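One letter stands for each residue in the lines below.
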Amino acid sequence: MPPPFRIAVLGAQGVGKTAIVQRFLHDDYSEAPVPATSRARQVHLSAAVLNGHVHNLQITDYPAITSFPCSSLQVLAHVYILVYDICCFDSFEYVKTMRQQILETRVVGTGDTPILIVGNKRDLQWGRVFPRHNVSDLVRKNWKCGYVECSAKYNWHVLLLFGEAMRSVVCARCKHVHATIRFQRALRNERCALM
């Protein structure tokens, strides 16, 4: 049996990382915030179907960290999901810093681990701090990362998010086409969906 896809979910406190993971794994959502003092790294094992194949998943939900890598991030991930709150400027700055630190600490010769930037709390669209197209252009064109907006509260694009994370790992393993180009093509709606 192949090893599981290792997905690391990172972001500032209060952006909804745990809510996204819980919505994906259990179709469950709670308004109650997780107290920062009780937050520890949580590892979830699951399976998902992508393009007719069953893949094992290891989703690790990390508490907010001050710098990358930290001692709890010693195991390399196949894909990093960096979550920010679309209504919070500081959470986007946190994601920007984490992305840069991930790039600076990549081991030479290990390939490019895909990074997916996620704007959560789309249900609070009226309070967003940046126009969606500005963030999307920055992330896709300049950072060469995938971009998805979702709402854990209303289960909007949560499946799409994890489907894109899995596709980015599969595409990164393709040697004949650059992973970023393949990943951006995968963002179109006519591609297979995660079931």
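Note that the structure is predicted; figures quoted are calculated from it, not measured.

1. Topic: the overall build of the protein chain
Looking only at helices and strands, the protein chain features five helices and six strands. Reading the protein chain from its N terminus to its C terminus gives the helix and strand order β-α-β-β-β-α-β-α-β-α-α. Split into buried and exposed, the 195 residues of the protein chain put 46% on the buried side. Considering only contacts within the protein chain whose residues lie at least 6 apart along the sequence, 69% involve residues at least 24 apart. Summing over all exposed atoms, the protein chain offers an accessible surface of approximately 10200 Å²; the carbon and sulfur share of this is 55%.

2. Here's the deal with the pattern of salt bridges
A full pass over the atoms with the stated rule returns eight salt bridges. Between Lys121 and Asp85 there is a salt bridge; the shortest N-O distance is 3.3 Å. Residue Lys121 is located in the loop between β5 (115-120) and α3 (132-142), and its partner Asp85 is located in strand β4 (residues 79-85); the two are separated by 36 residues in the primary sequence. Under the relative-accessibility criterion, Asp85 is labelled buried at 10%.

3. Focus: the pairing of β5
On a regular strand, each side chain points to the face opposite its neighbour's, so the side chains alternate between the two faces of the sheet. Within β5, six of the six residues are buried, leaving the element largely enclosed by the surrounding structure. The two faces of β5 match: Ile115, Ile117 and Gly119 on one face and Leu116, Val118 and Asn120 on the other face are all buried. Note that β4 and β5 share six bridges and pair parallel. When the bridges of β5 are listed, Val83 appears paired with Val118.

4. Thoughts on the sheet that holds strand β6 (residues 146-149)
Two orientations exist for strands paired in a sheet by backbone hydrogen bonds: parallel and antiparallel. On the basis of which strands lie adjacent, the open sheet formed by six strands has the order β2-β3-β1-β4-β5-β6 and mixed pairing. With one partner strand each, in any of the chains shown, β2 (42-50) and β6 form the two edges of the open sheet. Geometrically, the sheet is characterised by an average inter-axis angle of 25° between neighbouring strands, direction not taken into account. Alignment of β2 against strand β3 (residues 53-61), held across nine bridges, turns out to be antiparallel. Each bridged residue has a counterpart across the sheet, and for Ala47 the counterpart in β3 is Asn56. Relative to the sheet, helix α1 (residues 17-26) contacts β1 (5-11), β2, β3, β4 and β5, its axis offset from that of β3 by approximately 155°.

5. Points about helix α2 (residues 89-105)
What sets the pattern is the α-helix's 3.6 residues per turn: residues three or four places apart point alike. For α2, with 17 residues, the first-to-last C-alpha span of 25 Å sits near the 24 Å given by 1.5 Å per residue. Here α2 has its buried residues at Ser91, Phe92, Tyr94, Val95, Met98, Arg99, Gln101 and Ile102. Those residues of α2 that are buried are in contact with β1, β4, β5 and α3.

6. Some words on unusual backbone geometry
Within the chain, Asp27 stands out as a residue other than glycine whose phi angle is a positive 50°. Considering the arrangement of structural elements, one finds Asp27 in the loop between α1 and β2. With a phi angle near 55°, Asn155 is a residue other than glycine that sits in the positive phi range. Along the chain, Asn155 falls in the loop between β6 and α4 (158-172). With a relative accessible area of 33%, Asn155 lands in the partly exposed category.

Rules and cut-offs
- Residues numbered from 1 in each chain as written.
- Predicted model: local features only at pLDDT ≥ 70, side-chain atom pairs only at ≥ 80, totals over all residues.
- Heavy atoms only, no water.
- Helix = DSSP H or I, 4+ residues; strand = E, 2+ residues; numbered from the N terminus.
- Buried < 20%, exposed > 50% of the residue type's maximum accessible area, 1.4 Å probe, protein only.
- Contact = heavy atoms within 4.5 Å.
- Areas by Shrake-Rupley, 256 points an atom, 1.4 Å probe, with all protein chains shown as cover.
- Salt bridge = Lys/Arg side-chain N within 4 Å of Asp/Glu carboxyl O.
- Pairing = 2+ DSSP bridges.
- Axes fitted to C-alpha atoms, helices over the stretch in contact; angles between N-to-C directions.
- Expected span 1.5 Å × (residues − 1).

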